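The primary structure of each chain is shown beneath.
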Amino acid sequence: MRGFLAFGGCVDPGCFRHRSANKSGEIAADSGMIVTTTGRWPLTAMGGRRAVGASAIGLLLTVASALAAPAQQQEPTFISIGGGAVDSAAFRWSSALAQILSRPPGLPKCESGSPCGVPGVIAGAQTYDHPGALLGALTEGRVATGILSALEIFQARCDPPKGGQPAPIWILKALYRQPVRIVAISAKPIRSPKDLAGMTIALGERGTDSEIVGDALLEAYGPFRRHRPKIVRRAPAQAAAALKDGTVQAALFVGHAADAAIGALLASDRFALVPLPESPERQRLLRALPMFDPDTITADTDRSSPETPTLSQRAFWVAGPGLGPGFADKLVSDESDSRNAAHLAELVAPSVPVAAGDTFGRLPAPPAEGAERYAVTKHHPIDVISCPARAAAAASR
C-alpha cells in the first residue's frame, strides 16, 4: 500500500535532536525523553494514507495558477520521492525534499539569498509501508527516487533473493543517520550485549534491519557463558510495548521508528540503554556490518551527559534506472546549495543532515552518474563498499 503527498511536510512522532559531538542524536534535555516535536510543517492526516499541510495547500494553489498560465511557459518536470510510512523519518525527509526542490513554472525569480528549488520542478513525496515495496517501485520505474537505509541498499545490491538480480538503484547522497539502540531492563548492570544472556529479546520482523543487526550482534558477542538469549520478533511499537509489560527483557531498534516510545521507557528507572563499547566483539560486528559506523548517543538529563557508545548507519537518497544523469546532477546540486540545505535542515529539525564530507564515502551502492559528477566537482571523496563475494574474489587474485 502506498499513498501520495505533493509538497507537504511530515509528522515524525519522535526524532533525535542531534548535537555536533555525536552522529545519531541526543535525548531531550529536561524531560529524559526523545524529542517528539513535529517540526514546523505539521500535516493533517486523511484516512491514514494521505496527508497535506497548510504550506502544501498554498503551494498547490500556486502550482495550479502556474499550470493555468499561457502555453508558452516552461513545461513542468515531475519528480517523485518515495519515503516510508507516513509516521516515519524517511517520509518526513521525502516530504522536506519535495518542498525544497519544487519550483513550478511561472513563479517569480528567486530573491538573492533565499531558498529557491529547481526551476520547473514539481516534486512530491510518496508513502510506502515497507522498504521492499519502495525498492520494487524504484526498480520498476514507478517512482523516480526514494529514501532507503544503507543496509537495505546493500542487501538489495549484494544479496538479492535467490534467482534474482542486484537491484538497479544508485546513490544520490547520504541524508541522515539511524542509530542502533538496545533497551533493556535495568534490574542489574548491563555493560555489553554479553550480559543479555538468558533474557528474552525482541528483534524486528523478518528481513528488517533490526533482525539483521540483531542476528549479527548475537553472533559477534557469542558464545554466551550461560544460556543464549531467547529471540522473539516484533515490530518497533510492539517491541516497546512488550518491554513495558515485561513480556521481553530487552529489545533492539534500528532507526527512529519508535523514538517516542523508547524515550518514555528511558524516562523511568526501569530501563536503560545497553552500550556497545570498543571491544573485539564490536570489531567483529562492524566487520559483519560494513555499512555501520561507531557512534554515540548522548542523554541530557539533570545537567549530566552520560554517553552510550553504539553503532549507526546512514539513510540515503537513491535513484532508480529512469533518472537521467543531467537531472540527477541538478537535483543533488540544488538540494546541496547552501540556501536549500539550510531550509532542509529547518524542515527536518530536530533531525540533522549528515555533514557534507560524509555524503559520498563508503556508499552501499555506486553513485548515480550525475551525483558522482557533482561530488567530483565539489571534491567530496567517493568510495563504494564491496560486496563480500566480490571482495573475497579480489583478495584471492
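Definitions and cut-offs
Residues numbered from 1 in each chain as written. Predicted model: local features only at pLDDT ≥ 70, side-chain atom pairs only at ≥ 80, totals over all residues. Heavy atoms only, no water. Disulfide = S-S within 2.5 Å. Helix = DSSP H or I, 4+ residues; strand = E, 2+ residues; numbered from the N terminus. Buried < 20%, exposed > 50% of the residue type's maximum accessible area, 1.4 Å probe, protein only. Core = buried A, V, L, I, M, F, W, Y, C linked by side-chain atoms within 4.5 Å. Contact = heavy atoms within 4.5 Å. Arc of directions from axis to C-beta. Polar contact = N/O pair within 3.5 Å; in protein donor to acceptor, adjacent residues only side chain to side chain. Phe/Tyr/Trp six-rings, centres within 6.5 Å; stacked < 30°, edge-to-face > 60°. Axes fitted to C-alpha atoms, helices over the stretch in contact; angles between N-to-C directions. Parallel < 35°, antiparallel > 145°, perpendicular 65-115°, else oblique. Nonpolar A, V, L, I, M, F, W, Y, C, P; charged D, E, K, R; others polar.

Caption draft 1: Fine view of the state of the cysteines. Here the structure, examined in full by the defined rule, presents 1 disulfide. Between the sulfur atoms of Cys158 and its disulfide partner Cys387 the distance amounts to 1.9 Å. Between Cys158 and Cys387 the disulfide shows an S-S torsion of about -75°. By sign, it is left-handed. In this pair, Cys158 sits in helix 4 (residues 150-158) while Cys387 sits in the loop between helix 11 (369-377) and helix 12 (388-396), placing the two residues 229 residues apart along the sequence. The class of Cys158 is partly exposed, set by a relative accessible area of 22%. For Cys387, a relative accessible area of 3% puts it in the buried group.

Caption draft 2: The nonpolar core, seen in detail. Formed by 49 residues in total, the largest nonpolar core has its most connected members in Leu196 and Phe292. For this core, the secondary structure elements donating two or more residues are helix 3 (131-139), helix 4, strand 10 (170-185), strand 11 (200-203), helix 5 (209-221), strand 13 (250-254), helix 8 (280-288) and strand 16 (307-319). By residue number, the principal contributor to this core is helix 5, which donates 6 residues. When neighbours within four sequence positions are excluded, Leu196 is seen to be in contact with Ile182, Ala184, Ile190, Ile201, Pro229, Ala250 and Val274. Counting 32 residues, the second largest nonpolar core, distinct from the first, contains Trp93, Leu101, Leu172 and Ala315.

Caption draft 3: Quick look at helix 10 (residues 338-348). Of all the positions in helix 10, only Asn340, His343, Leu344, Leu347 and Val348 are classed as buried. Along the long axis of helix 10, the arc covered by the buried residues comes to 125°, so they all point the same way. Residues of helix 10 that are buried make contact with helix 2 (89-101) and helix 9 (325-336). If you check the start of helix 10, you find a side-chain oxygen 3.0 Å away from the backbone N of Arg339, and it comes from Asp337.

Caption draft 4: Up close: the packing of aromatic side chains. Applying the stated criterion across every chain yields a total of 2 aromatic pairs. Consider the rings of Trp93 and Tyr176, whose centres lie 4.9 Å apart with planes at 20°: the pair is stacked. On the criterion of sequence distance, the pair formed by Trp93 in helix 2 and Tyr176 in strand 10 is long-range, its members being 83 residues apart. Tyr176 matches Trp93 in its accessibility class, with the two residues each being buried. Ring geometry for Phe360 against Tyr374: centres 6.3 Å apart, planes inclined by 50°, an arrangement best described as tilted. Placement of the pair is Phe360 in the loop between helix 10 and helix 11 and Tyr374 in helix 11, with a sequence separation of 14 residues. An identical accessibility class is assigned to Phe360 and Tyr374; each is buried.

Caption draft 5: Up close: helix 3. Residues of helix 3 that are buried: Leu134, Leu135, Gly136, Ala137 and Leu138. In the core, the buried residues of helix 3 are packed alongside strand 5 (77-82), strand 8 (121-128), strand 9 (145-149), helix 4 and strand 16. At the C-terminal side of helix 3, Gly141 shows a positive phi close to 80°.

Caption draft 6: Here's a closer look at unusual backbone geometry. The residue Arg362 is not glycine, and still its phi comes out positive at about 50°. The topology assignment puts Arg362 in the loop between helix 10 and helix 11. Despite not being glycine, His379 has its phi angle at roughly 60°, a positive value. For His379, the position within the fold is in the loop between helix 11 and helix 12. On the basis of relative accessible area, His379 is assigned to the exposed category, the value being 70%.

Caption draft 7: Focus on the packing of helix 9 against helix 10. Two numbers describe how helix 9 lies on helix 10: the axes approach to 5 Å, and their chain directions differ by 70°. Considered as vectors, helix 9 and helix 10 are oriented roughly perpendicular to each other. Judged by residue contacts, Asp334, Glu335 and Ser336 of helix 9 engage Ser338, Asn340, Ala341 and Leu344 from helix 10. For the contact of helix 9 with helix 10, a count of residues per class yields 2 nonpolar, 3 polar and 2 charged.

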